[in-house]
Amino acid sequence: MGERDVRMASGAGRWIVFTTVLGSGMALLDSTVVNVALPHIGADLGADLAVLQWTVNAYMLTLAGLILLGGSLGDRFGRRRVFVIGVVWFALASLLCGLAPNAGVLIAARALQGVGGALLTPGSLALIQASFHPDDRARAVGLWSGFGGVGAAIGPFVGGWLVDGPGWRWVFLLNVPLAALCVPVALKHVPESRDEAAHGRFDVLGAGLGAAALALVTYALIGEAWWAGAAGVVVGVGFVLVERRRGERAMVPPSIFASRMFTAVNLVTLCVYAAFGGFFFLAALQLQVVAGYSALGAGTALLPTTVLMLLLSARAGELGERIGPRIPLTVGPLLCAAGMLLMLRVGEDASYVADVLPALLVLGLGMTALVAPLTATVLASVDVSRAGLASGINNAAARAAGLLAVAALPMLAGMGPEAYRSAEEFGSTFRRAMPMCAGILVVGAVLAWTTMRTRVPADCHPECRVHCGVTSPPLDPGQRDAAG
């Protein structure tokens, strides 16, 4: 049986889906529960707000900076091998997080977790695409996406229960037994695959410069250090120059941005995921610090957004494919902005039904309207042969946007180092931050409306349709399921 001949009905097919869901689920579960644990981490370690920001951002920094390199390593040296290394790395870093005696060790361990995530995250879907027979690939990707959504849904329950029960450290320690199950199954049941055409040197310099620029700008925003911001800009310019000089051998080939739609949809991605990153970081704190929710209560309170996406994302993807991305990527951010403004009603003694739930339902509808069409548009905006690269760049852009938002919003809203310990102070700054998030989403909506077109011109040549602002040529089934 060849590496691309596995059938879904076979035992091997079920083992592959199980392994990839389990591996990627570790990273997904971790990202959904850490925000809920932040007040407890701060109280236990005697940490200020900057430490809580770095607890989130250290992970996002290395993940965003190295995820493209992680995908390239898998293509070259074997996707299963790099996936397994990523799972082991992630588990060891999680163990270090759970045992961290102080804030410095926790932040360093979170950065190491991000390296593991950059190795395993691109490998999970790549293993499915490389292993299954073409007739079964769409179903396998659909199962992977569906189970991943279930993992995101149970994350708040599991995280809140762990934080309120055995403690926040178990949010990280839980990854160790999951990895202990995942690794032997992967080695025994998942076939190895690689891209035989992959050759040449890795763009390690580009990856390093990109990560360094993000790190310096993040440090400048959290620590309010102007020199770090200036250095970050200089390093960022160096990154652009290096990538331009390397051309098609670059980690981010400049030629991919020749597609006007690809450039536009990534700008929209930056706006949307900056707002999402800032919102979910601050909302989990607002519900606990100001509204008085427990960790489990806060995690459960945020669940409607995930439920709506699970129920409606596939239909939203189909609608976006029929009418084009312009309307979904305009209406979706505007709905999200409205939901975030409704969160201004959430204060001390807030009613969940009257205050919290309406805001989250509106936000969830907006996320449902835009996320699947956005992903589909990214994939459709470039040639099929570059779909993996396009998806990776968009993924990195989304994570970098969230990283910068978590760093910048508290500073822009005037949050002091001890703000999260005071319901009055945090509530006041939260009310200043939500309109900022909403404003970023409005900018994204305006970008989508002005840069994308709903219909293809009648005289548009087939080879240039991807530049016209619509999701043409059509996605193959595997891409559709991954997007939706």
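Refer to the preceding data block for the structure.
Residues numbered from 1 in each chain as written. Predicted model: local features only at pLDDT ≥ 70, side-chain atom pairs only at ≥ 80, totals over all residues. Heavy atoms only, no water.

**What about the overall build of the protein chain?**
Counting secondary structure elements, the protein chain contains 17 helices and zero strands. For the protein chain, with 484 residues in total, the buried portion stands at 54%. A sequence separation of at least 24 residues applies to 82% of the contacts in the protein chain between residues at least 6 apart. Split by element, the accessible area of the protein chain, about 19,400 Å² in all, is 66% carbon and sulfur. (Helix = DSSP H or I, 4+ residues; strand = E, 2+ residues; numbered from the N terminus. Buried < 20%, exposed > 50% of the residue type's maximum accessible area, 1.4 Å probe, protein only. Contact = heavy atoms within 4.5 Å. Areas by Shrake-Rupley, 256 points an atom, 1.4 Å probe, with all protein chains shown as cover.)

**Description of the pattern of salt bridges**
Taken as a whole, this structure holds five salt bridges when the rule is applied. The partner of Asp44 in a salt bridge is Arg169, with the nearest N and O atoms 3.7 Å apart. Separated by 125 residues along the polypeptide, Asp44 in helix H1 (residues 11–45) and Arg169 in helix H6 (residues 169–173) bring together distant segments of the chain. A residue is classified by how much of its surface remains accessible, and Arg169, at 24% relative accessible area, is partly exposed. (Salt bridge = Lys/Arg side-chain N within 4 Å of Asp/Glu carboxyl O.)

**With respect to the environment of Ala283**
Note that Ala283 resides in helix H10 (residues 260–290). In sequence terms Ala283 and Ala298 are 15 residues apart; their C-alpha atoms lie 8.6 Å from each other. The residues touching Ala283, leaving out its near neighbours within four places in the chain, are Leu302, Met343 and Phe430.

**Quick word on the packing of aromatic side chains**
Centre-to-centre distance and the angle between the planes together describe a pair of aromatic rings. The final tally for this structure, using the stated rule, is eight aromatic pairs. Between Tyr59 and Phe90 the ring centres are 6.3 Å apart and the planes differ by 80 degrees, which places this aromatic pair in the edge-to-face class. Taken as a pair, Tyr59 in helix H2 (residues 49–77) and Phe90 in helix H3 (residues 79–99) lie far apart in primary sequence, 31 residues in all. Ring geometry for Tyr273 against Phe276: centres 5.5 Å apart, planes inclined by 80 degrees, an arrangement best described as edge-to-face. Here the residue Tyr273 and the residue Phe276 both occupy positions in helix H10, the gap between them amounting to three residues, near one helical turn. For Tyr273, a relative accessible area of 24% corresponds to the partly exposed category. The ring of Phe202 carries Arg76 above its face, with NZ or CZ at 4.3 Å from the centroid. Cation over ring: Arg326 sits above Trp449, and NZ or CZ is 3.7 Å from the ring centre. (Phe/Tyr/Trp six-rings, centres within 6.5 Å; stacked < 30°, edge-to-face > 60°. Lys NZ or Arg CZ within 6 Å of the ring centre and 35° of its normal.)

**Quick look at the nonpolar core**
Ranked by size, the top nonpolar core spans 122 residues in total, and within it Phe276, Leu282, Met340 and Phe426 carry the most contacts. Tallying contributions element by element places H10 first for this core, with 15 residues. Each residue touching Leu282, except ones within four places of it in the same chain, is listed here: Leu409, Met415, Phe426, Phe430, Ala433 and Met434. (Core = buried A, V, L, I, M, F, W, Y, C linked by side-chain atoms within 4.5 Å.)

**Some words on a nonpolar patch on the surface**
Taken together, Val88, Leu92, Leu95, Leu99 and Val176 make up a surface patch of nonpolar side chains, about 410 Å² in accessible area. In this fold, Leu92 is placed in helix H3. Take Leu92: its relative accessible area is 55%, and that puts it in the exposed class. (Patch = residues over 30% accessible without salt bridge, like charges linked within 9 Å, V, L, I, M, F, W, Y side chains within 5 Å.)

**Observations regarding unusual backbone geometry**
Although it is not a glycine, Asp349 sits at a positive phi angle of roughly 60 degrees. Secondary-structure assignment places Asp349 in the loop between helix H13 (326–342) and helix H14 (352–380).

**Re the packing of helix H8 (residues 204–223) against helix H9 (residues 226–246)**
In the contact formed by H8 and H9, the axes pass within 8 Å of each other and the chain directions differ by 160 degrees. Compared by their axis directions, H8 and H9 come out roughly antiparallel. Where H8 crosses over H9, the two elements pack in a sense that is left-handed. Judged by residue contacts, Leu205, Gly206, Leu209, Gly210, Ala212, Ala213, Leu216, Val217, Tyr219 and Ala220 of H8 engage Trp227, Ala228, Gly229, Ala231, Gly232, Val235, Gly236, Gly238, Phe239, Val242 and Glu243 from H9. Taken together, the residues of the contact of H8 with H9 sort by class into 14 nonpolar, six polar and one charged. (Axes fitted to C-alpha atoms, helices over the stretch in contact; angles between N-to-C directions. Parallel < 35°, antiparallel > 145°, perpendicular 65-115°, else oblique. Left-handed = near helix turned anticlockwise from the far one by under 90°. Nonpolar A, V, L, I, M, F, W, Y, C, P; charged D, E, K, R; others polar.)

**A look at the packing of H13 against helix H16 (residues 423–451)**
Their axes nearest at 8 Å, the elements H13 and H16 cross at an angle of 170 degrees. As the angle between them shows, H13 and H16 are arranged roughly antiparallel. Where H13 approaches H16, its residues Arg326, Leu329, Thr330, Pro333, Leu334, Cys336, Ala337, Met340 and Leu341 are matched on the opposing element by Met434, Pro435, Cys437, Ala438, Leu441, Val442, Gly444, Ala445, Ala448 and Trp449.

**Some remarks on helix H7 (residues 175–189)**
With 15 residues, H7 should reach 21 Å at 1.5 Å per residue; the first-to-last C-alpha distance of 21 Å fits that figure. By the burial criterion, the buried members of H7 are Asn175, Ala179, Cys182, Val183, Val185 and Ala186. Here the buried face of H7 lies against H1, H3, helix H4 (103–131) and H6. (Expected span 1.5 Å × (residues − 1).)

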